[in-house]
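The primary structure of each chain is shown beneath.
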Amino acid sequence: MNDRPNGAELLAAARVALLEELLTDLPEQRRYLARMVANAMAIAARELELGDGIDRAELTSLRRLFQDPEPDASEEMAARLEALNRRLCVEIRDGRFAGGAEEARLRDHLRRSLEARVAVSNPKALGR
Amino acid sequence: MSLAERLPALARFIAEAAQATIAHIVHCRPLAGGAIQENWVLEVELSDGPQAGRHELVLRTDALSNVAVSRSRAEEFALIQTAHRAGVAVPEPLWLGGDLNVLGKAFFLMRKVPGVAAGHRLAKDPGFPIDRIRLAERLGEELAKIHALVPPQPDLEFLGTPSPHPALDRIAEYRRHLDALGLARPGLEYGLAWAERHAPEPTMITLTHQDYRTGNYLVNETGLAAILDWEFADWGDPDADLGWFCARCWRFGAVDREAGGVGARADFIRGYERGSGRHVEPGRVRFWEVMAHLRWAVIALQQADRHVSGREPSLELALTGRIPVELELEALRLIGAADPLECVR
């Protein structure tokens, strides 16, 4: 399916209409809610555009972290991502990755995957 | 039942408490407040008695979604009374309404203090001149007064026995919350694991406010007017309050003003050291800034869960669910700065 405008483009157009045409007609005390609506639309649009790539990159990075060679094609990406993240949580809590190169590798993985997700939720927070 | 329907019972309660024949509630409006407590401004006219005349009061009671971690209104009232007696700038606590027949839930009344609390206004422009050096110092001095209260305190018995290691308790608590939510958050797990390995022994245990930050105090033309929101106060490591106050996530966009977005860190710490007579170790404050981001991330996940679970659909709560990644990333940056690892590849 490649209907244009796609989902992200529709959200972007709707957001412009909300902020540039509707917002000024709203009473002052309703504008905060309208801005929240616009923010939710912006996040959703960025996720539609970037989400798959971010998930794939995170999965690749997790596999490298665990030296997990078998790319399980039968399994859905989201399920595999969830399973590896759960495993990572358990191992971190159990004290693996504490100190030295292991910890540096973990930090590197976390920084990259968190930055990718902040680029969706609030890209402004990255420019510092 | 709404507060409006309860006003006659409330007026009778106030009259009795103030030893007046009649208390007339002239005006009553909700105060924009937190997700946990509900605040109302009441204008009350007392017909006679020792406090005859017009009074502006704030009524504080539980909101619908009561979060289990916060203290009861009776406990919060006792905390404010203790702080008031110790000379901390708080709204004068007046009367505790423990009788559920009045409002259907516990409440207390305090004297209204005029001023601005909103973080984004204080960080940018509160609408009146603000001496930022003096404000930051005063915030440090006021926090030192809170930390001068050490256990045991007869009126604060409900706080229980202080734990010898508040940081480790907190870490365990945040893990319990994460487990209860059933969420896999490697960023938070790493932050907590790092904190567990680097938690400093507390130098002392004092009363700690636990939510001492911009947004929870009032400022007016005369400067710092009152410290609010005592619902999380507990025995703890005083450095925890310093870290929470300075944490980047509570600077309301004014990230260069490291003291709560309103002033310089050096001014805040100077005021605190002068007030407490205690030397502040910057590394310990940094540790608690890491903890601040982890704590706020856990709270944000809990708030988002109220929406995600369907219990309380709300766009504001839903958006809160997208804040934790930023907090995890900031915690990671702080950890990297505090504890650089030699081998980066």
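Provided above is the structure to which this section pertains.
Notes on the structure in this doc start here. Nothing here was measured: the structure is a model prediction, and the numbers come from that model.

Before going further, it helps to examine the overall build of chain A. The helix and strand tally for chain A stands at 4 helices and 0 strands. The order of helices and strands in chain A, counted from the N terminus, is α-α-α-α. For a compact globule of 128 residues, the expected C-alpha radius of gyration is about 14 Å, and chain A comes in at 19 Å, more than 25% above that figure. For chain A, the spread of C-alpha atoms along the principal axes amounts to about 55 × 35 × 20 Å. When each of the 128 residues of chain A is scored for burial, the buried share is 15%. Here the analysis covers contacts within chain A between residues at least 6 apart in sequence; of these, 53% occur between residues at least 24 apart.

In this assembly, 22 residues from chain B lie in contact with 28 residues from chain A. When its residues are assigned to classes, the side of chain B that touches chain A shows 12 nonpolar, 2 polar and 8 charged.

All names here are of chain B. With their axes 10 Å apart at the nearest point, helix α6 (residues 166-181) and helix α10 (residues 282-308) run at an angle of 25 degrees to one another. As summarised for this structure, α6 and α10 are arranged roughly parallel, according to the angle between their axes. Handedness of the α6/α10 crossing: left-handed. Together, A167, R170, Y174, H177, L178 and L181 of α6 and M291, L294, R295, V298, L301, Q302 and D305 of α10 make up the contact between the two elements. Residue composition of the contact of α6 with α10, grouped by class: 8 nonpolar, 2 polar and 3 charged.

Attention now goes to the sheet that holds strand β3 (residues 53-62) of chain B. All names here are of chain B. One open sheet accounts for 5 strands, arranged β1-β2-β3-β5-β4; its pairing is antiparallel. Whereas interior strands pair on both sides, the edge strands pair on one side only; in this sheet they are β1 (23-31) and β4 (93-97). Taking the axes of each pair of neighbouring strands and ignoring which way they run, one obtains an average angle of 25 degrees across the sheet. Relative to β3, strand β2 (residues 37-46) runs antiparallel, the two sharing 10 bridges. Directly across from Q37, in β3, lies its bridge partner D62. The sheet contacts of helix α1 (residues 3-17) involve β1, β2 and β4, and relative to β1 the element is tilted by about 125 degrees.

Before going further, it helps to examine the environment of D155 of chain B. Note that D155 of chain B resides in the loop between α5 (132-147) and α6. You can call D155 of chain B exposed: it has 12 C-beta atoms within 10 Å.

Moving on, we come to the environment of A74 of chain B. All names here are of chain B. With respect to the secondary-structure elements, A74 resides in helix α2 (residues 73-85). Residues A74 and S276 lie 202 residues apart in sequence; the distance between their C-alpha atoms is 28 Å. With residues up to four places along the chain from it excluded, the contact list for A74 reads L96, G98 and A106.

Two quantities define a packed helix pair, namely the angle between the helix axes and the distance between the axes. Contact geometry for helix α3 (residues 77-93) of chain A and helix α7 (residues 186-198) of chain B: axes closest at 9 Å, N-to-C directions at 5 degrees. Comparing the axis directions of α3 of chain A and α7 of chain B gives the class roughly parallel. Note on element contacts: α7 of chain B touches α3 of chain A through P186, E189, Y190 and A193 of chain B, opposite N85, L88, C89, I92 and R93 of chain A. Within the contact of α3 of chain A with α7 of chain B, the residues separate by chemical class into 6 nonpolar, 1 polar and 2 charged.

Criteria and thresholds
Residues numbered from 1 in each chain as written. Chains lettered and ligands numbered in written order. Predicted model: local features only at pLDDT ≥ 70, side-chain atom pairs only at ≥ 80, totals over all residues. Helix = DSSP H or I, 4+ residues; strand = E, 2+ residues; numbered from the N terminus. Rg over C-alpha atoms; globule rule 2.2 N^0.38 Å. Buried ≥ 20, exposed ≤ 12 C-beta atoms within 10 Å, placed from the backbone. Contact = placed C-beta atoms within 7 Å. Nonpolar A, V, L, I, M, F, W, Y, C, P; charged D, E, K, R; others polar. Axes fitted to C-alpha atoms, helices over the stretch in contact; angles between N-to-C directions. Parallel < 35°, antiparallel > 145°, perpendicular 65-115°, else oblique. Left-handed = near helix turned anticlockwise from the far one by under 90°. Pairing = 2+ DSSP bridges.

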